[in-house]
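# Fold and geometry: a report
Here are the chains, one letter per residue:
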Amino acid sequence: MKQQLPSTFNHYYKFCRKPSDKNKTRLDCTNSTGSYIPLESKRATKPVKATKRYEPTNVGDLVIYLGLPDNHIKAHNKRQADRSITIKAENLTSVYLQHNFEDGSWIAYGDVKGTSDAIIMLYNITEVNGYIQEGSYIEMFIACGKADECRAICNLFADGEIDEEIEWLRQNSKPFNPDDEKPEC
C-alpha cells in the first residue's frame, strides 16, 4: 500500500553547517522534498567563486543565513523573535524558540514572509562568539496555510504526536546533489 504525504506538513528542508564554511552564519540545504516554490525559487542561478572570506556557491545551491533579528521590525513585546533567517538578502522568517530538549535542540516556529505558511523547525544550532559551529543544523517542516497554528503544531511536535509524519518527510527527502559529500549533522 502506497503511503500518502502527511496531513500536517507539506514540505521538508534540512540546512547544515558545512565544515569548511568561512561565513559564520551560513547554512546550506543538504536534503529536501524539493517542492516548496518560495524556497525553490531562491536557489542560486549563477555560480559565485570562493574568496578568502567566503565559500563558493554553485548553481542550484540553496543557502540561508541565521542571524539576530533586525531591530526595525515592529512586533508586539510578547512576540520578539530569537533569531531571523534570511535567504538571498531577504527575510524568510523570524525564529521563535518554543520547546527545549535535553540534548540542547529546540522546537522553533515562524511563518514564511508573504504567505500564510507555517515553518516548524527542529533547531539544533551551537554558536560560539557568533559563529555557527560544525554539526549545527535546522530542519524545516512547512505546513501550508497554517501560520496561525504554529504554537499548536509545536506542541504536537513536542508531544511526539506527529513523529510519523516527520519521519515520512525525512525518508522521502532527497540529497541536494547525491554526488556531493554531505556534512555530518
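Let me begin by describing the structure that accompanies this report.

### With respect to the overall build of the protein chain
- Assigned secondary structure in the protein chain consists of three helices and eleven strands.
- Across the 185 residues of the protein chain, 42% fall into the buried class.
- Sequence-distant contacts in the protein chain: of pairs separated by 6 or more residues, those separated by 24 or more amount to 54%.
- Accessible surface computed for the protein chain: about 10,800 Å², of which carbon and sulfur atoms make up 47%.

### Details of helix H2 (residues 150–158)
- Residues of H2 that are buried include every one of Cys-150, Ile-153, Cys-154 and Phe-157, and no others. Mapping the buried residues of H2 onto a view down its axis gives an arc of 105°, with all of them on the same face.
- Of the residues one or two after H2, Gly-160 is the one with positive phi, at around 80°.

### Regarding the side chain of Ser-136
- Note on placement: Ser-136 falls in the loop between strand S9 (131–132) and strand S10 (137–143).
- Judged by relative accessible area, Ser-136 falls into the buried class, the value being 2%.
- A polar side-chain atom of Ser-136 sits 3.0 Å from the main-chain amide nitrogen of Thr-126.
- Within the structure, Ser-136 has its side chain in polar contact with the backbone oxygen of Gln-133 (distance 2.8 Å).

### Section: the environment of Arg-26
- Inspection of the secondary structure assignment puts Arg-26 in strand S2 (residues 26–32).
- Between the C-alpha atom of Arg-26 and that of Ile-64, which follows or precedes it by 38 residues, the distance is 5.9 Å.
- Not counting the four nearest positions on each side in its chain, Arg-26 is found in contact with Arg-17, Asp-21, Glu-55, Pro-56, Thr-57, Asp-61, Val-63, Ile-64 and Tyr-65.
- Polar side-chain contacts of Arg-26 include one of 3.3 Å to the side chain of Thr-57.

### Concerning the packing of aromatic side chains
- Scanning the model with the defined rule gives five aromatic pairs in all.
- For the ring pair Tyr-96 and Tyr-109, a centre distance of 5.3 Å and an interplane angle of 20° mean the geometry is stacked. Of this pair, Tyr-96 sits in strand S5 (residues 90–100) while Tyr-109 sits in strand S6 (residues 106–111); the two residues are 13 residues apart in sequence, bridging distant segments of the chain.
- For Tyr-96, a relative accessible area of 9% translates into the label buried.
- Residues Phe-141 and Phe-157 carry aromatic rings whose centres are separated by 5.8 Å and whose planes lie at 80° to one another, so their mutual orientation is edge-to-face. Here Phe-141, found in strand S10, pairs with Phe-157, found in helix H2; they are 16 residues apart in sequence, far enough to count as distant. Phe-157 matches Phe-141 in its accessibility class, with the two residues each being buried.
- The ring of Tyr-137 has Lys-14 lying over it, and the distance from NZ or CZ to the ring centre is 4.7 Å.
- Positioned above the aromatic ring of Tyr-131 is the side chain of Lys-24, whose terminal nitrogen or guanidinium carbon lies 5.5 Å from the ring centre.

### Notes on the nonpolar core
- Ranked by size, the top nonpolar core spans 23 residues in total, and within it Tyr-13, Ile-85, Ile-138 and Met-140 carry the most contacts.
- Contributing elements (two or more residues each) for this core: strand S1 (11–16), S2, strand S3 (63–67), strand S4 (83–87), S5, strand S7 (118–124) and S10.
- With near-sequence residues (within four places) excluded, Ile-85 lies in contact with Ile-64, Tyr-65, Leu-66, Glu-90, Asn-91, Leu-92, Thr-93, Val-95, Met-121, Ile-138 and Met-140.
- Judged by nonpolar contacts, the second largest core, of 21 residues, contains Tyr-96, Ile-120, Tyr-137 and Trp-168.

### Regarding the state of the cysteines
- Inspection of the entire model under this criterion finds zero disulfides.
- No disulfide involves Cys-29; its sulfur sits 8.7 Å from the nearest other cysteine sulfur, which is in Cys-16.
- We note that Cys-154 lacks a disulfide partner, and the nearest cysteine sulfur, in Cys-150, lies 6.6 Å from it.

Thresholds applied
Along every chain, residues carry numbers that run from 1 in the direction the sequence is written. It should be noted that, the model being predicted, local features are given only for residues of pLDDT at least 70 and side-chain atom pairs only at 80 or more, the latter also being counted only at that level, while totals for whole chains, interfaces and linings use all residues. No hydrogens and no water enter the side-chain calculation; it runs on all heavy atoms of the structure. Elements are defined by DSSP. Helices are runs of H or I of four residues or more, strands are runs of E of two residues or more, and each kind is numbered from the N terminus. Relative accessibility under 20% of the residue-type maximum defines a buried residue, over 50% an exposed one, and the middle range a partly exposed one, all with a 1.4 Å probe and only protein chains included. For this analysis, residues touch if any pair of their heavy atoms sits within 4.5 Å. All accessibility values rest on the Shrake-Rupley procedure with a 1.4 Å probe; residue burial counts only the protein chains present in the view. It is the directions from the helix axis to the C-beta atoms that the arc portrays. The definition of a polar contact used here is a pair of N or O atoms within 3.5 Å, where within protein one atom must be able to donate a hydrogen and the other to accept one, and adjacent residues in sequence count solely through side-chain atom pairs. Pairs were defined over the aromatic rings of Phe, Tyr and Trp, the Trp ring being its six-membered one, requiring ring centres within 6.5 Å. Orientation was assigned from the angle between planes: stacked under 30 degrees, edge-to-face over 60, tilted for the rest. Consider the ring centre and the ring normal. A charge sits over the ring if Lys NZ or Arg CZ is within 6 Å of that centre and within 35 degrees of that normal. Here the nonpolar core consists of buried residues drawn from Ala, Val, Leu, Ile, Met, Phe, Trp, Tyr and Cys, with membership extended through side-chain atoms lying within 4.5 Å. Note on terminology: disulfide denotes any pair of cysteine sulfur atoms within 2.5 Å.

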